[in-house]
Amino acid sequence: MDTMVFINLPVTDLDRSKAFYEALGYSINPAFTDETAACVVISDTISLMILTRPKFAEFTDKAIADVGTIEVINSLGVASKDEVHRLADAAVAAGATEDREPVDLGFMFQRAFDDPDGHRWELVWMDPQAAQDGPPAE
């Protein structure tokens, strides 16, 4: 079995967050969704659990980061530069903010956005040869 990744994020408006991620083309798994949480299926091995802040608090004794702070950057590798653009454009159209210019290193291309709750996402395409061998020598 491949390693599965479950990203858990607190959200202030569960319905808005579900609509946002569906606008990017992801689906909601109803088996793991209720009025306090939703499972966003990103791929066969990656799921995003969006949880209301009270539900998220049930899983930790630590303070939940305030909106406007950052603790992690969630990066997703995609198959092409076109897919980076498609997802980033869909995110912005659905309410995300793109907070920096795209980064084009030739062998790697990325765009970043903050979702409606301020969680940072990066979409990354990397040349398959560079992914295998590392970046080309300068």
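Residues numbered from 1 in each chain as written. Predicted model: local features only at pLDDT ≥ 70, side-chain atom pairs only at ≥ 80, totals over all residues. Heavy atoms only, no water.

Chemist: Lay out the pattern of salt bridges in plain terms, naming residues and giving numbers.
Modeler: Should their charged atoms come close, side chains of opposite charge can pair. Scanning all chains against the criterion turns up 10 salt bridges. With a shortest N-O distance of 2.6 Å, glutamate 98 and arginine 111 are connected by a salt bridge. Of this pair, glutamate 98 sits in the loop between helix 3 (81-93) and strand 6 (103-104) while arginine 111 is found in strand 7 (residues 108-114), placing the two residues 13 residues apart along the sequence. Residue class for arginine 111 comes out buried when judged on its relative accessible area of 7%. Among the salt bridges present, the one from aspartate 99 reaches arginine 120, with a minimum N-O distance of 2.2 Å. (Salt bridge = Lys/Arg side-chain N within 4 Å of Asp/Glu carboxyl O. Helix = DSSP H or I, 4+ residues; strand = E, 2+ residues; numbered from the N terminus. Buried < 20%, exposed > 50% of the residue type's maximum accessible area, 1.4 Å probe, protein only.)

Chemist: Lay out the packing of aromatic side chains in plain terms, naming residues and giving numbers.
Modeler: To describe a pair of aromatic rings, one takes the distance between the centres and the angle between the planes. Following the criterion strictly, the structure yields three aromatic pairs and no others. Aromatic pair tyrosine 21 and tryptophan 121: ring centres 6.1 Å apart, planes at 65°, arrangement edge-to-face. With tyrosine 21 in helix 1 (residues 14-23) and tryptophan 121 in strand 8 (residues 120-126), this pair connects stretches of sequence that are 100 residues apart. Here tyrosine 21 matches tryptophan 121 in class, with each residue buried. (Phe/Tyr/Trp six-rings, centres within 6.5 Å; stacked < 30°, edge-to-face > 60°.)

Chemist: How would you sum up a nonpolar patch on the surface? Please name residues and give values.
Modeler: A cluster of nonpolar side chains, Met1, Met4 and Phe6, forms an exposed patch at the surface whose accessible area comes to about 400 Å². By secondary structure assignment, the location of phenylalanine 6 is in strand 1 (residues 5-11). (Patch = residues over 30% accessible without salt bridge, like charges linked within 9 Å, V, L, I, M, F, W, Y side chains within 5 Å. Areas by Shrake-Rupley, 256 points an atom, 1.4 Å probe, with all protein chains shown as cover.)

Chemist: Let's hear about the sheet that holds strand 1: which residues, and what values?
Modeler: Here we have four strands laid out as an open sheet, ordered 1-4-3-2, and mixed in their pairing. Two strands bound the open sheet, and with one partner strand each, they are strand 1 and strand 2 (27-29). Recorded for the sheet is a direction-independent mean angle of 30° between the axes of neighbouring strands. Bridge count between strand 1 and strand 4 (residues 46-52): seven bridges; the pairing is parallel. In the sheet register, leucine 9 faces strand 4, and the bridge partner there is isoleucine 50. Those strands touched by helix 1 are strand 1, strand 2, strand 3 (37-41) and strand 4, and its axis lies near 155° from that of strand 4. (Pairing = 2+ DSSP bridges. Axes fitted to C-alpha atoms, helices over the stretch in contact; angles between N-to-C directions. Contact = heavy atoms within 4.5 Å.)

Chemist: Can you explain the pairing of strand 3? Please cite residues and give values.
Modeler: Within strand 3, four of the five residues are buried, leaving the element largely enclosed by the surrounding structure. The pairing of strand 2 with strand 3 spans three bridges and is classified as antiparallel. Bridge pairing in strand 3 links isoleucine 28 to valine 40. Note that strand 3 and strand 4 share five bridges and pair antiparallel. By the bridge assignment for strand 4, cysteine 39 is matched with methionine 49. Remark: four residues form the turn of the hairpin made by strand 3 and strand 4, two consecutive strands paired antiparallel.

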